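Structural overview for review
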Amino acid sequence: MYKSLLKPLLFQLDAEKAHHLVFDNLRRAHRVPGGAALLRGLYGFQHPDLEREVFGLRFRNPVGLAAGLDKNAELLPELGELGFGFVEIGTVTPRPQPGNPTPRLFRLPQDGALLNRMGFNNQGAAAAAERLRGPRPAGLIVGGNIGKNKDTPNEQAANDYVACVEALHAVVDYFVVNVSSPNTPGLRQLQEREPLIRLLQQVQERNATLPSPRPLLLKIAPDLTDAQLDDILLIARETQLSGLVATNTTISRDGLQTDASHVQSLGAGGLSGRPLRQRATEVVRYLHQHSKGALPIIGVGGIHSPEDAQEKLAAGASLVQLYSGFVYEGPGLIKRINQALVK
């Protein structure tokens, strides 16, 4: 129903407006008597073979929602009923910020891709924490993807990440440090060895002082060289990271079928979806092989089918996440992936 009826209608709207419309209607469906049970019946799928224990957490299935879709933790009950094993909220910053000017989210249907330059638009860590204190589906793992405010200098960035950890620690199950978004000026400079070590050490020091320290992961860009990936593995070991998320969106425009002049007219931003699939899998495989499987990896990028998910897992990912595939294929994709994994 989604691909034949809803998607054609949604794709006639501005991408960000369609996003808000879907959120509003999911809330309405969930509030209707019997609505939650209907969503669960249509899209939920449980099987003991799907359960995974990763970085000390028990996941009911390995299919999660990537950060960026539910930035403000507004839709956890609804997303849980759609069958996700875990949901990563954010990216959350200490203070609210509007993000970049609109339009800032674009579809490339010919490529099964999205281009965004959202700019960490969110309502701030305190608002997200307040929502996360509400009810959530039993067994749903929640991650907090954290970043710095745009006006915070890189030299003070660690303070922002620490502030997010302090605000969200009691209400999330794990954290992901996001220094790889291309949409906050200068942010990717924090992926360099020395600043990244300093940042992660400060976050880990504060995390360790809180009750039940949370697993800390790092989300990396797909545009890193092998030498930079080697550095990431060394940094992960030195700062005792629990895992990596591979990968964020790419600044590359190589291999797109969409007319190059149209892509150029859309401007800057990170590209996600099918064009990212191969590179994201390569990064997952490289990290898995060169860490000798010692570091859990969440594989994300271009997962539009059960086969795409299985490819990431075969490359060494412990878990996978959806974003663009969820937009293009609809919520039925979660169930199809989980059913295929059981088979």
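As the structure is a prediction and not an experimental result, all values here were calculated from the model.

Concerning the packing of aromatic side chains
Here a ring pair, both rings aromatic, is described through the centre-centre distance and the interplanar angle of the planes. One pass over the full model with this rule turns up five aromatic pairs. Considering the side-chain rings of Phe59 and Phe86, the 5.1 Å spacing of their centres and the 80 degrees angle between planes classify their relative orientation as edge-to-face. One end of the pair, Phe59, is in strand S2 (residues 57-59); the other, Phe86, is in strand S4 (residues 86-92), with 27 residues separating them in the sequence. The buried category is assigned to Phe86, whose relative accessible area is 0%. Put simply, the rings of Phe55, Phe59, Phe86 and Tyr174 touch in pairs and so form one group of aromatic residues. For Lys7, the ring lying beneath its charged end belongs to Phe11, and the centroid distance is 5.3 Å. Its end group placed over the ring of Phe11, Arg107 keeps NZ or CZ at 4.4 Å from the ring centre.

Considering the sheet that holds strand S6 (residues 113-116)
Ordered in space as S5-S6-S11, the three strands form an open sheet in which the pairing is antiparallel. What marks the edges here is a single partner per strand, and that holds for strand S5 (105-108) and strand S11 (270-273). In this sheet, neighbouring strand axes are inclined to one another by 25 degrees on average, regardless of whether the strands run parallel or antiparallel. Relative to S6, S5 is paired through four bridges, and the arrangement is antiparallel.

Remarks on the nonpolar core
Judged by nonpolar contacts, the single largest core of 91 residues is most densely connected at Tyr161, Leu168 and Leu199. Here this core takes seven residues from helix H6 (residues 157-168), the largest share from any one element. In this view, Leu199 contacts Ala157, Ala158, Tyr161, Val177, Val179 and Leu190; residues no more than four positions away in its chain are not counted. One finds Phe106, Leu108, Leu256 and Leu271 within the second-largest nonpolar core, a separate group that totals eight residues.

Reading guide: rules and limits
- Here the residue index of a chain counts from 1 through its sequence in written order.
- Note on the predicted model: pLDDT of at least 70 is required for a residue's local features to be given, and 80 or more for side-chain atom pairs to be given and counted; whole-chain, interface and lining totals, by contrast, use all residues.
- As a rule here, side-chain values cover all heavy atoms of the structure and leave hydrogens and water aside.
- Planes of paired rings set the category: under 30 degrees apart is stacked, over 60 is edge-to-face and the rest tilted, where pairs are Phe, Tyr or Trp rings (Trp by its six-membered ring) whose centres lie within 6.5 Å.
- Runs of H or I in DSSP of at least four residues are treated as helices and runs of E of at least two as strands, each being numbered from the N terminus.
- Note on exposure labels: buried denotes an accessible area under 20% of the residue type's maximum, exposed denotes more than 50%, and partly exposed covers the range between, all computed with a 1.4 Å probe on protein chains only.
- Any Lys NZ or Arg CZ that is within 6 Å of a ring centre and within 35 degrees of that ring's normal is treated as a charge sitting over the ring.
- Paired strands, as defined in this entry, are two strands with at least two bridges between them according to DSSP.
- Lines are fitted to the C-alpha atoms to define the axes, a helix being fitted only along its stretch in contact, and any angle between axes, read from their N-to-C directions, falls within 0 to 180 degrees.
- For our purposes a nonpolar core is just a set of buried Ala, Val, Leu, Ile, Met, Phe, Trp, Tyr and Cys residues, chained together by side-chain atoms within 4.5 Å.
- We call two residues in contact when some of their heavy atoms are within 4.5 Å.

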